[in-house]
Amino acid sequence: FLQHGSAGARVAVGTMEPRIDVWDLDVMEPAAPVASLGGDAPTAAGRKAPRPTPGAHGDAVLSVSWRRHSPTVLASGSADRTVKLWDLNARACAVTWTHHGDRVSSVAWHPAEPACLAT
């Protein structure tokens, strides 16, 4: 999902990893995203399986939405039946909602009411 503002043009991409990669579109040929939210934490030498980052989604990220009135806040919906709010300054999950009975395939902020998030 594209966000354009005083911080420049950025795009957030939900992945099957499950992770959200944030790319800076003002950088020509970027080698890596400027931020990765969730996904697996780096493993220590000798560990057999990666461990999830605290606050990460447990399954594919199906939808992301920038909060227009707060460009450092991103909402995400996942196949793990959760909705998360991410703080891009801290690069961490700030809030998790777990009340959905099925995967969350779409999240969208209301264009005029900054506190309204549809899922």
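Quick notes on the rules
Residues numbered from 1 in each chain as written. Predicted model: local features only at pLDDT ≥ 70, side-chain atom pairs only at ≥ 80, totals over all residues. Heavy atoms only, no water. pLDDT = per-residue confidence, 0-100. Helix = DSSP H or I, 4+ residues; strand = E, 2+ residues; numbered from the N terminus. Salt bridge = Lys/Arg side-chain N within 4 Å of Asp/Glu carboxyl O. Pairing = 2+ DSSP bridges. Axes fitted to C-alpha atoms, helices over the stretch in contact; angles between N-to-C directions.

J.: So what exactly am I meant to see when it comes to the confidence of the model for the chain here?
T.: Atomic detail in the predicted coordinates should be set aside for any region of low pLDDT. Per-residue confidence for the chain gives a mean pLDDT of 83; residues scoring 70 or more make up 82%. Averaged pLDDT values for the elements of the chain fall to 50 in strand β1 (residues 2-5) and rise to 94 in strand β9 (residues 83-87).

J.: What should I look at first to understand the pattern of salt bridges in this one?
T.: A side chain of one charge can pair with a side chain of the opposite charge if their charged atoms are brought near each other. Counted according to the given criterion, the structure contains one salt bridge. With a closest N to O distance of 2.8 Å, D21 and R19 form a salt bridge.

J.: Just checking my understanding: could you explain unusual backbone geometry for this structure?
T.: Residue P18 is bonded to the preceding E17 through a cis peptide linkage, with omega at 5°. Inspection of the secondary structure puts P18 in the loop between β2 (8-14) and β3 (19-24). In this structure, R81 takes a positive phi of about 75° despite not being glycine. A positive phi angle, near 55°, is found at R91, a position not held by glycine. Tracing the sequence through the fold places R91 in the loop between β9 and β10 (92-97).

J.: Can you walk me through the pairing of strand β8 (residues 70-78) in this structure?
T.: Consecutive side chains along a regular strand alternate between the two faces of the sheet. By the bridge criterion, six bridges tie strand β7 (residues 61-67) to β8 in an arrangement that is antiparallel. Paired with S65 across the two strands is A75, which belongs to β8. Counting the residues that bridge the hairpin from β7 to β8 gives two residues. Judged from the five bridges that link them, β8 and β9 form a sheet pairing that is antiparallel. In the strand pairing of β9, S76 is matched with K84. Counting the residues between successive antiparallel strands, the hairpin from β8 to β9 contains four residues, one of them, R81, with a positive phi of roughly 75°.

J.: Just checking my understanding: could you explain the sheet that holds β9 for this structure?
T.: Strand pairing in a sheet takes place through backbone hydrogen bonds and is either antiparallel or parallel in direction. Within the open sheet, the four strands sit side by side as β7-β8-β9-β10. Their pairing is antiparallel. In this open sheet, the two edge strands, each paired with only one partner strand, are β7 and β10. Each strand axis lies, on average, 25° off the axis of its neighbour in the sheet, ignoring direction.

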